[in-house]
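Structural overview
These are the residues of each chain, in order.
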Number of protein chains: 2
Amino acid sequence: MDLNFRDLIKKSKLESLLTRGNFGLEKENLRVNKNGELALTLHPKEFGDKLKNPYITIDFSESQLEMITPSFDTVEKAYTFLENLHDIVSTTLDSEYLWPQSIPPILPEEKDIPIGIFHGEAGKSNKEYRERLAKKYGKKLQLLSGIHYNFSFSDKFLNKLYEEIPHGSEFRDFKKFKNHLYLKIARNHFRYGWFFIYLFGASSPIHGTYKKECIEKMAQLKDNSYYFEDTLSFRNGICGYKNLGEIYVSHSSLTDYVSDIKKLIEKNVLQEAKEYYSSIRVKSKSKTNILDALEKDGIEYLEFRSIDLNPFSRIGVDILDLKFVHLFIIYLLLKEENNEFGESQYKNAIQNQELLASRGRDKELLLNKGKDLKITAREWAEEIIDEMTGYFGELGILDDKYNEIINFQKEKIKNEDRQYVSRLLKGIKDKGFINFHLEKAKSSLEESRKKSFALKGYEDLELSTQIVLKEAIKRGVKFEIVDRSENFVLLDNGIKKEYIKQATKTSLDSYITALIMENKVVTKKVLSDSNIVVPKGENYDDPSKAKSDYEDYKNSGTVIKPKSTNFGLGITIFKAGFSRNDYEKAVDMAFNEDNSILIEEFIEGKEYRFFVIGDETVGILHRVPANVLGDGKKSIEKLVQIKNENYLRGKGYKTPLEKIVLGESEKMFLESQGKNIQYVPLSGEKVFLRENSNISTGGDSIDYTDDIPAIYKEIAVKASKSAGAVICGVDMIIKDIKNPNPENNYGIIEINFNPAIHIHCYPYIGTNRELGGKILDALGF
Amino acid sequence: MDLNFRDLIKKSKLESLLTRGNFGLEKENLRVNKNGELALTLHPKEFGDKLKNPYITIDFSESQLEMITPSFDTVEKAYTFLENLHDIVSTTLDSEYLWPQSIPPILPEEKDIPIGIFHGEAGKSNKEYRERLAKKYGKKLQLLSGIHYNFSFSDKFLNKLYEEIPHGSEFRDFKKFKNHLYLKIARNHFRYGWFFIYLFGASSPIHGTYKKECIEKMAQLKDNSYYFEDTLSFRNGICGYKNLGEIYVSHSSLTDYVSDIKKLIEKNVLQEAKEYYSSIRVKSKSKTNILDALEKDGIEYLEFRSIDLNPFSRIGVDILDLKFVHLFIIYLLLKEENNEFGESQYKNAIQNQELLASRGRDKELLLNKGKDLKITAREWAEEIIDEMTGYFGELGILDDKYNEIINFQKEKIKNEDRQYVSRLLKGIKDKGFINFHLEKAKSSLEESRKKSFALKGYEDLELSTQIVLKEAIKRGVKFEIVDRSENFVLLDNGIKKEYIKQATKTSLDSYITALIMENKVVTKKVLSDSNIVVPKGENYDDPSKAKSDYEDYKNSGTVIKPKSTNFGLGITIFKAGFSRNDYEKAVDMAFNEDNSILIEEFIEGKEYRFFVIGDETVGILHRVPANVLGDGKKSIEKLVQIKNENYLRGKGYKTPLEKIVLGESEKMFLESQGKNIQYVPLSGEKVFLRENSNISTGGDSIDYTDDIPAIYKEIAVKASKSAGAVICGVDMIIKDIKNPNPENNYGIIEINFNPAIHIHCYPYIGTNRELGGKILDALGF
């Protein structure tokens, strides 16, 4: 008995659940140097332990990076995470690039290709396995890289669908049912696997340093690269990434599958199950003892392995292709099997795939559709697309989004110039194999750098949190967003777990430390108890008491402010010699905002934010009001426009800096200087557009970490420690930063328990102080 | 040259600063058992180390408690603090009382009176000093107890006054000026010291077990006590607390003073400066090397030592008397000295004091006012009072408050029946010396018990904070209220400092722990990650997603609530089988309160608050809605009235429980039961007046700490630890508290980082779980 999934789904109204799933992506890229030669350097230490980093590791070679996303409930999310991995890896590499092509770049001699280096007991088997592969297939073949696509249906879909299985059916056993479902897809994928290559093939020319035997009979291009005109995907072709000899593995049942693989291992055809290089692979929950795990718990998900790296996509794969794969998997589930799938059918399927991969650009090429039935790839592809849209229409899930995804492929089918490999050959013939790909690699890196402050798909989180998460990913610390709107994250490296909120609220600080810093009165007490200079002054709960102390303040600069300040409301700053009347008004204003106010001496100087972690000041930042620097030619308006083009400037706090707006306030401020936006500042003339230095109104952030004498850094650390803090933002006023004698030269006005870290990482002028990493270091990750 | 302070003050308009000062009080009380015998037990261990507790220690005898207030800027505050000390000490004693009389109670034989026990090197000199005193004066004399009153003018007053001293004056030296000012007061106090005894004398009958030689010639009262009819203050009299022989110490200058004391020590008349038993003592900042400190830094404050314990005041001293002392000190400053104050004047002053103390009730008794000038105490007292009011009037500081204070004393002068000793004799003749004082002691204790949850003068703080502070005082941990409105306190035992906020926000918990508990979603995650049962359910940010999950909830009891709950707004509880329409309305209601909501299974059972500290559940509390228990006679209205008389019930959250109000809600709730407030419940019938169990609406708090199986306490600890908490309030629902198997019998709905402690200390039914002390223990105090 077989199951008709189309009927079952319709009957149980699971059409919308059918489209839910779990998606994960893996991508390999070789590292190359600026000449397009395989990088012979070590895997960057920034990525931590290769065996433990779940996101960034290597495949066969030390130079072959592998990026792995977690599982997400949409393919967009997996894609976005892969984009982050690509960006993080790219920007971490030192003078190296990610090679954007499945076919390797300029290779050294076989013996000089570095096999992945692994240490310790755990690394030993990894190393030996790779050495055996090198001996068997040659190292060069193992360098062929690509995309793997992992998919499973949602548990809810599987469970509900299972509920529909009639009692007494052989599939009234959930494991059997699931295995049957996934194996059906696997068989159909073999049948239609050529279609993937037809759509996604993008590996045609090969470089002359690749395996000599493959190059024979190929045409040479100018830069020592070679090609066949008709090849669609060298990687999936006869000379590509495949097992030696002809291998057959049954996909009729899981038992047969496991038994066949075991036989191959016994016969020494394969070393391990994972050496079976098929275009689709059934996967178990466990990563070790795969076959046993499959038998015990059944198939957990499917891995689709034949997608080539796409050099035309910045990160090597197009989201529309990935979305299509999802729809195609659904199609493979829905599509009835018209025949058994025995050894001959299996071999025919493999043959179709290899044929198409090697010669698929030949329009006359005929594939074996079935017994004595030959058909061109294009005709067959059109049939499949029509059937897909038919099924989806029947199930009522064919909406605009799906049509867009399908039409994207239809275009490729209709117009072969749209096929990646066609575009690739064109570009390579023009620029050369190495140059073409190097250009792609460089422009991708440029893009990665521009957005390096953000974690894609997490832009709703605060920048500081995004920076910490990127650093976590880089070093392989797993994370879970526990409460998104609160920036509440769980970090877990397998050894320890740490919750953090808003990047700097952690277990490192005690609760009372945060409360001390939150409270201005207590803060002043702890600071002055530690002999740190704070503005002299008092806290008042009673307006009349505050007013009666006028005499005590009138002779010096004075700040009057509510105890809990919000956006600067109710704050007045006086110069020495202010009147009693003005003083009393200011007191009333402050009391309008709070029941308790502070009256303090005003300390002259510039304000600097010291970021302290533990015993160290790790960053110092100064903010400057929005401004432009003249060149004697351009107007203020033009200068602002140019300054705003900086990728660090955006709108709505999604970027480290905000764009300068030439609004009413700015115009009035210019007017007060006798200028307007058409004014052309002299060369070197700095024109301020605002009085306030907030980043939110276009201010600049300037890194002073290396420009301030050590003594002030020590004072900041002492201030942090006075409140018992580990992570602390200290706001210090300094009169003269050149003066290494702090006496009468500084005062601390605030310490903060939730200091932003992004301002120290992406300043307008200065160095990235890598605070995300320092926070993780402090947390012990 | 001398200084005319009246003129100086007027000239520099310091009248209002004149009345500011620093006030401290000390009080000794003997401990007695229920028979009025000196308690021979050890100083209670609850008060910690006698040498280190700055508030509660002993004087000469192990049984002679001494209570010491810090310095305050008003005498009311010092009085209030003394009241607290009195209450704390009284309620800590086990079956003993504070003897409310300067004269000792029933004493054992001299040899059995326990001298204070001190340990270690630091205690050695204390012990030896006392042993020498015992030998010299006899132990019984050392048991005479009283009030000491410490006073200094405000720094601001002294500084401003000093500014008025003309250049070239010998007092243009601040130390000299201050010494001169305080010594003038001291001399005047000698001159008018008898007046204190006249007003405050309250130690007349003595018990037969006191020194035999003193009893000779006295009349006997029925209970083995003895008296002279005319004695005002036995303690200040000839047989009272004074040095042996005639001692003279010059008070003309500090140099002379120090030199005279040193001579007395050299001659072995005194062991140390502090053995000089004068009615006033000049004091230095330092407590050790007093004489050196006086010479070095000058006089810091004055100690007035002749005030008897007042058995008519609950704590042994009347606030109006204390306020009068302050006014009298001002008078002593203002009053010109008409003559030198040499040895003869000194001895005359002492003579007047002793005379008045021993025979002051004799109306004909004449005091030596000056050379050959005799006057009755009453006439002289009236002169002084008139002069005081004259001075104060002249300075414009004689307001209603001052008049009230002065009139209180005027009444005593006019009417000798108002004198404490007169009232005392009357009472003692009636009830007997021992019984009279025991009754006073017992009723004072009763009062202390009734308000034991509150710390007087700090009622604006949360009850939980008051409880912690009381415990800090008890064990001698100093505290400073750093921010009153925020309940932010610094604790300091001389070895370590700890800031705490709202009693339970401390350095023990990490910041992230508090944030985890604050967030319902994160809380549920940490709990369920630790395999603790929490209500099943989900967090929704999207109303339509929440609504689409109706099917998942409809079949069980369900709670729908905003993620951040405030006063229960937006919460709906459904029983199983609710309609989609009602469900959707409830979802909308919750989203009205927050952007994020929780939909959860409703767990059946009663809710208990587990208070966890570290590895232990230290209290379990259950709240019951406002109710009355019938006796078959009284109406609900009457039963409520009686229930409200409990001292734990008050209004406005100043007490552990709130009074029940019979308002609209209660009447409606009764109506729904077919009752009204005139209904007379049967004997044993419990009638609920509300549905909600909040304490704020008259609910009862019931201690279950000893009634719940250990396994639930362990689960509460595990819950606390799952968030990394040390201090934690765990809200657990339990179906059946008799069932020691937690499976399907409990669920945790919340964990709290700021659990109230007072509810566990002052429950309606149950035991005080002493959480204040446990918090301090956990903090290492």
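Residues numbered from 1 in each chain as written. Chains lettered and ligands numbered in written order. Predicted model: local features only at pLDDT ≥ 70, side-chain atom pairs only at ≥ 80, totals over all residues. Heavy atoms only, no water.

When you go through chain A residue by residue, the secondary structure sums to 27 helices and 28 strands. The C-alpha extent of chain A, read off along each of the three principal axes, is 105 × 65 × 55 Å. The buried share among the 781 residues of chain A stands at 58%. Considering only intrachain contacts with a sequence separation of at least 6, the fraction spanning at least 24 residues in chain A is 71%. (Helix = DSSP H or I, 4+ residues; strand = E, 2+ residues; numbered from the N terminus. Buried < 20%, exposed > 50% of the residue type's maximum accessible area, 1.4 Å probe, protein only. Contact = heavy atoms within 4.5 Å.)

Here we take up the domain arrangement of chain A. Residues and elements named next belong to chain A. The assigned domain composition of chain A is domain 1 (5-448), domain 2 (478-528 + 604-625 + 699-781) and domain 3 (536-601). Between domain 2 and domain 3, the contact holds four residues from the first and 10 residues from the second. Where domain 2 packs against domain 3, one counts one salt bridge. Measuring nitrogen to oxygen at the nearest pair gives 2.9 Å for the salt bridge that ties Glu600 to Lys524. Linking domain 2 with domain 3 are two residue pairs in polar contact (both at pLDDT 80 or more), by the criterion used here. Grouping the constituent residues of the side of domain 2 that touches domain 3 by class yields one nonpolar, one polar and two charged. (Domains from an automatic or database assignment. Salt bridge = Lys/Arg side-chain N within 4 Å of Asp/Glu carboxyl O. Polar contact = N/O pair within 3.5 Å; in protein donor to acceptor, adjacent residues only side chain to side chain. Nonpolar A, V, L, I, M, F, W, Y, C, P; charged D, E, K, R; others polar.)

On to the interface of chain A and chain B, then. Contacts between the two partners involve 32 residues from chain A, matched on the other side by 31 residues from chain B. Contact between chain A and chain B buries roughly 2500 Å² in total, counting both sides, with carbon and sulfur atoms accounting for 63%. In terms of surface lost to chain B, no three residues of chain A exceed A:Tyr499, A:Tyr511 and A:Ile512, which account for 27% of the buried area on that side. Run the count over chain A and chain B and you get six salt bridges. A salt bridge links A:Lys525 to B:Glu480; the shortest N-O distance between them is 3.2 Å. Residue assignment for the side of chain A that touches chain B shows that the elements contributing at least two residues are strand S13 (478-483), strand S14 (488-492), strand S15 (497-501), helix H18 (511-518) and helix H19 (520-529) of chain A. The dominant element in the side of chain A that touches chain B, judged by the number of residues it contributes, is H18(A), at six residues. Taken together, the residues of the side of chain A that touches chain B sort by class into 14 nonpolar, five polar and 13 charged. (Buried area = accessible area lost by both parts, 1.4 Å probe.)

Before going further, it helps to examine the state of the cysteines. Linking two cysteines covalently via their sulfur atoms produces the bond known as a disulfide. All names here are of chain A. Counted according to the given criterion, the structure contains two disulfides over all chains. Linked covalently through their sulfurs, Cys214 and Cys239 form a disulfide whose S-S length is 2.1 Å. On the sign convention where negative means left-handed, the S-S torsion of about -65° between Cys214 and Cys239 marks this disulfide as left-handed. Placement of Cys214 in helix H8 (residues 212-215) and of Cys239 in the loop between strand S8 (225-227) and helix H9 (254-266) is noted, with a sequence separation of 25 residues between them. With a relative accessible area of 27%, Cys239 lands in the partly exposed category. (Disulfide = S-S within 2.5 Å.)

The subject of this paragraph is the relation of the copies chain A and chain B. Expressed as a screw transformation, the operator carrying chain A onto chain B has a rotation angle of 180° and an axial translation of 0.1 Å, and the superposed copies differ by an RMSD of 0.1 Å. In symmetry terms, the pair is related by a two-fold rotation axis. Most of the interface of chain A is mirrored in chain B, where 97% of its interface residues again form contacts. (Least-squares fit on C-alpha atoms with pLDDT ≥ 70 in both.)

A word on the sheet that holds strand S21 (residues 616-624) of chain A. All names here are of chain A. Strand order in the open sheet made by the five strands is S26-S21-S20-S27-S28, with antiparallel pairing throughout. Two strands bound the open sheet, and with one partner strand each, they are strand S26 (700-703) and strand S28 (746-752). Across this sheet, the average inter-strand angle for adjacent strands is 30°, counted without regard to direction. Both S21 and S26 contribute to a ladder of four bridges, which runs antiparallel. Each residue of the ladder has a partner; that of Val624, found in S26, is Asp700. Each of strand S20 (606-613), S21 and strand S27 (727-734) is contacted by helix H27 (residues 771-779), which is oriented at about 40° to S20, the strand it contacts most. (Pairing = 2+ DSSP bridges. Axes fitted to C-alpha atoms, helices over the stretch in contact; angles between N-to-C directions.)

Attention now goes to the packing of aromatic side chains. For any pair of aromatic rings, the description rests on two quantities: the centre-to-centre distance and the angle between the ring planes. Throughout the structure, instances matching the rule amount to 95 aromatic pairs over all chains. Between the aromatic rings of A:Tyr511 and B:Phe753, the centroid separation amounts to 5.5 Å while the plane-to-plane angle is 85°, which identifies the pairing as edge-to-face. One end of the pair, A:Tyr511, is in helix H18; the other, B:Phe753, is in the loop between strand S28 (746-752) and helix H26 (758-761), on a second chain. Each member of the pair, A:Tyr511 together with B:Phe753, is buried. A:Lys496 extends its terminal NZ or CZ atom over the ring of A:Phe781, reaching a point 5.6 Å from the ring centre. (Phe/Tyr/Trp six-rings, centres within 6.5 Å; stacked < 30°, edge-to-face > 60°. Lys NZ or Arg CZ within 6 Å of the ring centre and 35° of its normal.)

Here we come to the packing of helix H6 (residues 155-163) of chain A against helix H7 (residues 174-200) of chain A. Residues and elements named next belong to chain A. The contact between H6 and H7 brings their axes to 11 Å, and the two run at 110°. One way to sum up the angle between H6 and H7 is to call them roughly perpendicular. Viewed along their axes, H6 and H7 form a crossing whose handedness is right-handed. Between H6 and H7, the contacting residues are Leu158, Asn159, Leu161 and Tyr162 on the first element and Phe174, Phe177, Lys178, Leu181 and Tyr182 on the second. Tallied by class, the residues present in the contact of H6 with H7 amount to seven nonpolar, one polar and one charged. (Parallel < 35°, antiparallel > 145°, perpendicular 65-115°, else oblique. Left-handed = near helix turned anticlockwise from the far one by under 90°.)

All names here are of chain B. Within strand S10 (residues 301-308), eight of the eight residues are buried, which leaves the element mostly enclosed by the surrounding structure. Direction of pairing for strand S5 (residues 146-153) relative to S10: antiparallel, over a ladder of five bridges. Among the inter-strand pairings, Ile147 is bridged to a residue of S10, identified as Ile307. Two elements, strand S9 (residues 280-283) and S10, share four bridges in a ladder whose sense is antiparallel. Among the inter-strand pairings, Lys283 is bridged to a residue of S10, identified as Tyr301.

All names here are of chain A. Within the secondary structure, Lys440 sits in helix H16 (residues 433-450). Remark: the alpha-carbon pair of Lys440 and Gln101, spanning 339 residues in sequence, is separated by 9.7 Å. Apart from the residues lying within four places of it in its own chain, the contact partners of Lys440 are Pro100, Pro311 and Phe312.

So, about the pattern of salt bridges. All names here are of chain A. Going through the model one piece at a time under the given rule, you end up with 133 salt bridges over all chains. Among the ionic pairs, Lys10 bridges to Glu394, the shortest N-O distance being 2.6 Å. One end of the pair, Lys10, is in helix H1 (residues 5-11); the other, Glu394, is in helix H13 (residues 377-395), with 384 residues separating them in the sequence. Looking at Glu394, the relative accessible area reads 40%, which means it is partly exposed. Between Asp49 and Lys52 there is a salt bridge whose closest N-O contact spans 4.0 Å. Lys52 gets classed as exposed once you look at its relative accessible area, which sits at 60%. Members of the salt-bridge network, linked through shared partners, are Arg6, Lys10, Glu336 and Glu394.

Let us look at the nonpolar core. Counting residues in each nonpolar core, the largest one holds 141 residues, and the members touching the most others are A:Tyr149, A:Phe153, A:Trp194, A:Phe195 and A:Leu491. At 15 residues, H7(A) tops the list of elements feeding residues into this core. When we break this core down by domain, the ones giving at least three residues each are domain 1 (5-448) and domain 2 (478-528 + 604-625 + 699-781) of chain A. Discounting residues that sit within four places of it in the chain, A:Tyr149 has contacts with A:Phe23, A:Gly24, A:Leu25, A:Val75, A:Leu302, A:Glu303, A:Phe304, A:Ile307, A:Leu322, A:Val325, A:His326 and A:Ile329. The next biggest cluster of nonpolar side chains, apart from the first, holds 140 residues, and it includes B:Trp194, B:Ala273, B:Ile315 and B:Leu395. (Core = buried A, V, L, I, M, F, W, Y, C linked by side-chain atoms within 4.5 Å.)

Next up on the list: the side chain of B:Asp483. Following the sequence through the fold, B:Asp483 ends up in strand S13 (residues 478-483). Look at B:Asp483 and you get buried, because its relative accessible area is 5%. At 2.8 Å, the side chain of B:Asp483 forms a polar contact with the side chain of A:Asn519. Filtering out sequence-adjacent residues up to four positions away, B:Asp483 remains in contact with A:Asn519, A:Val521, A:Val522, A:Lys563 and B:Phe488.

What follows is about unusual backbone geometry. In this model, A:Gln502 sits at a positive phi of 50°, which is unusual for a non-glycine residue. Among the structural elements, A:Gln502 can be located in the loop between S15 and H18. With a phi close to 65°, B:Asn268 is a non-glycine residue in the positive phi region. Note on placement: B:Asn268 falls in the loop between helix H9 (254-266) and S9.

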